[in-house]
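# Working through the structure, step by step
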Amino acid sequence: MSDIQTRFDALKASKLRLRNTSADERAEKLQTLWDATLARKEDIFKAGAEERGCHKLDIAAELMMLKGEIDFAIKHVGKWMKPEKVKNSMSTMGKRCEIRRQSKGVVLNMAAYNAPTAESFVPMIASIAAGNAMAIKPSELAPISAQIIQEIINGAFSPDEADVFQGGVDVAQELLALPFDHIYYTGGTAVGKIVMKAAADNLASVTLEMGGKNPVIIDETAKLENAATKLAWGRVMNAGQVCIAPDYAIVHDSVKEEFQTLIAAKINELYNSDGAGLEQSAYVPRMINDRHTQRVKALIDDAIKKGAKVICGGSANIKDNYIEPTILTDVTEDMEIMQEEVFGPVLCVVGYKNREEVLDLIAPRTNSLAFYVYSTNDDNIEYFLKNTSSGSAVVNNNCVQSGTNPRLPFGGIGNSGQGRIGGYEGFKTMSNERSVVHQPLDRFRDFLIQLPPYSERYNNIIMKALK
Ligand code: NAD
């Protein structure tokens, strides 16, 4: 028997024990997770700096997300666990109906590389709150973080409650072949399809947290300098390796030139305030590896070759995994950069004349994870919100909807994913919603009129109900 199978069996053996833990016990486990994570905060900061050149405060924001989720779950887990009484219908009159949210059992969490601690632990918070055992497969592209995650979990939990499986595609595939009760996946769409197919073999439920091309609309009424500032930050943060990062901007022709000038200036103002150059900035992170650096550089070069204009940036230092923050304009559909998620610090700009045209521009990339609109015209804002779909949307800001408020469920739609995480929705994702009907046994409420041979009374009741 393989090591992975043995460790999976240990998790499975705790299924009922963990399901029957009290709210206090779960709250204690959540607190333990936070304490163990906080104790390694300096190592987590260092890992973020070594793996992606991130500033300590950017990684601290990832930990803030965890703290917010943990505090919220500790406060509410008792309430979430209580059976929810529901009203009766005509057909359940006299009975007692309730929903019980029970743990699914053993959950597999497969994470991406771009926010390794949050991607490993946010689903785990929901999983603990719901009383599950969890296997975490961190990304092999962030190995320093993966090792810290392993040490945190091994130190804080017994291996039959939570276990970490480090490794690459081979480990992921061995895990996917096991009969987990739920698979929570964060990563690209291509692998998401592999995960969903594997889940089908065991009929496991899935949550898919994927990415895509997130549009930003800037209409003719937008506060341009405000938009440019927020978008410069939203696109350069984590070197663009953020699932909800703005990917391409659709800007009204009347303000396009001014917006482009402003965002180029803002990138310089925010990330080159000492004039030493963007590449030297402590705030401009790095791509995760040379493969991804080359991938993003190739997207820039292909776009330029096919006629895109460089407003700022465009260069790279492959050896240092550095992509210069870049704004490309007059980008067209035949360019590869419009076909795939950039996941790098490059914002593409496309112009538009009327709002109907915006819908046509978005149509080939519908169902994004995030959607942003910058406007001061309520009618335009509503038009864009009503005629597009995405996992989340923000008006006059970006990247503020994930991990910031546990009351806002997070997730995608279609190509960008399915299922929700965060707060109560995360708890529900990790739970089986079991409908329970209690039949009182007194003679007034416990009767079976629906048995054959059918009576005239039964016939009359049904015919009346159908009217
Ligand atoms: P990825 O798909 O390459 O890898 C994700 C996980 O899948 C890793 O653990 C990896 O080991 C595993 N994996 C890779 N190939 C596999 C295969 N053939 N079979 C089985 N498992 C395999 O993703 P990535 O490059 O690490 O992350 C970037 C993507 O993640 C982007 O698309 C981004 O938008 C998305 N993302 C989404 C969210 C969200 O919450 N929606 C958050 C972060 C990242």
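Residues numbered from 1 in each chain as written. Predicted model: local features only at pLDDT ≥ 70, side-chain atom pairs only at ≥ 80, totals over all residues. Heavy atoms only, no water.

A separate point is the sheet that holds strand β10 (residues 309–312). Here we have seven strands laid out as an open sheet, ordered β10-β13-β14-β9-β8-β15-β16, and mixed in their pairing. The strands lining the two open edges of the sheet, one partner per strand, are β10 and β16 (394–395). Inspection of the sheet shows strand β15 (residues 372–374) paired to β16 by two bridges, in the parallel sense. Within β16, the position partnered with Val-373 by the bridge is Val-395. Each of β8 (215–218), β14 (346–352) and β15 is contacted by helix α10 (residues 224–236), which is oriented at about 155° to β15, the strand it contacts most. (Pairing = 2+ DSSP bridges. Helix = DSSP H or I, 4+ residues; strand = E, 2+ residues; numbered from the N terminus. Contact = heavy atoms within 4.5 Å. Axes fitted to C-alpha atoms, helices over the stretch in contact; angles between N-to-C directions.)

Right, let's get into the site of the ligand. Around the ligand sit 27 residues, and of these Lys-137, Glu-140, Tyr-185, Met-210 and Glu-341 come closest. Contacts to the ligand include Tyr-113, whose backbone N or O atom sits 3.3 Å from an oxygen atom. Against a free-state accessible area of 860 Å², the protein chains account for coverage of 88% of the ligand. Elements with a minimum of two residues in the shell around the ligand: α8 (169–176), β6 (182–186) and α9 (189–202). Counting residues per element, the shell around the ligand draws most heavily on α8, which supplies four residues. Tallied by class, the residues present in the shell around the ligand amount to 15 nonpolar, seven polar and five charged. (Near = heavy atom within 4 Å. Polar contact = N/O pair within 3.5 Å; in protein donor to acceptor, adjacent residues only side chain to side chain. Areas by Shrake-Rupley, 256 points an atom, 1.4 Å probe, with all protein chains shown as cover. Nonpolar A, V, L, I, M, F, W, Y, C, P; charged D, E, K, R; others polar.)

On to the side chain of Asp-247, then. Summarising the element assignment, Asp-247 is placed in the loop between α10 and β9 (248–252). A distance of 2.6 Å separates a polar atom in the side chain of Asp-247 from a polar atom in the side chain of Lys-213. A distance of 3.0 Å separates the side chain of Asp-247 from the backbone nitrogen of Val-342, its partner in a polar contact. Not counting chain neighbours up to four residues away, the residues in contact with Asp-247 comprise Gly-212, Lys-213, Asn-214, Arg-235, Glu-340, Glu-341, Val-342, Val-346, Leu-347 and Cys-348.

With that out of the way, let us pick up the domain arrangement of the protein. Each assigned domain of the protein is listed with its residue range as follows: domain 1 (3–210 + 413–433) and domain 2 (215–395). With centres defined by C-alpha atoms, the gap from domain 1 to domain 2 works out at 31 Å. At the boundary of domain 1 with domain 2, total buried surface from both sides reaches about 1,400 Å², with 52% on carbon and sulfur atoms. Looking only at domain 1, the three residues that lose the most surface to domain 2 are Arg-52, Tyr-113 and Ile-413, adding up to 34% of its buried area. Applying the counting criterion to the domain 1 and domain 2 interface returns zero salt bridges. (Domains from an automatic or database assignment. Buried area = accessible area lost by both parts, 1.4 Å probe. Salt bridge = Lys/Arg side-chain N within 4 Å of Asp/Glu carboxyl O.)

In this section: the packing of helix α13 (residues 355–362) against helix α14 (residues 378–386). At a minimum axis separation of 11 Å, α13 and α14 run at an interaxial angle of 30°. The angle between the axes of α13 and α14 places the two elements in the roughly parallel class. Two packed elements cross with a definite hand, and for α13 against α14 that hand is right-handed. Within the contact between the two elements, α13 uses Arg-355, Glu-356, Val-358 and Leu-359 and α14 uses Asp-379, Asn-380, Tyr-383 and Phe-384. Considering only residue class, the contact of α13 with α14 consists of four nonpolar, one polar and three charged. (Parallel < 35°, antiparallel > 145°, perpendicular 65-115°, else oblique. Left-handed = near helix turned anticlockwise from the far one by under 90°.)

Turning next to the sheet that holds strand β3 (residues 106–110). The strand order β5-β4-β3-β6-β7-β17 describes an open sheet built from six strands, whose pairing is mixed. Pairing within the sheet leaves two strands with one partner each, and these edge strands are β5 (162–164) and β17 (417–418). In the sheet, β6 pairs with strand β7 (residues 205–209) via five bridges, with the strands oriented parallel. Across the sheet, Tyr-184 pairs through a bridge with Thr-207, a residue of β7. Its contacts with the sheet place helix α6 (residues 116–129) against β3, β4 (133–137), β5 and β6, and it is angled at close to 170° to β4.

Now for the environment of Ala-177. You can see Ala-177 is positioned in the loop between α8 and β6. As a C-alpha pair, Ala-177 and Ser-315 span 138 residues in sequence and 42 Å in three-dimensional space.

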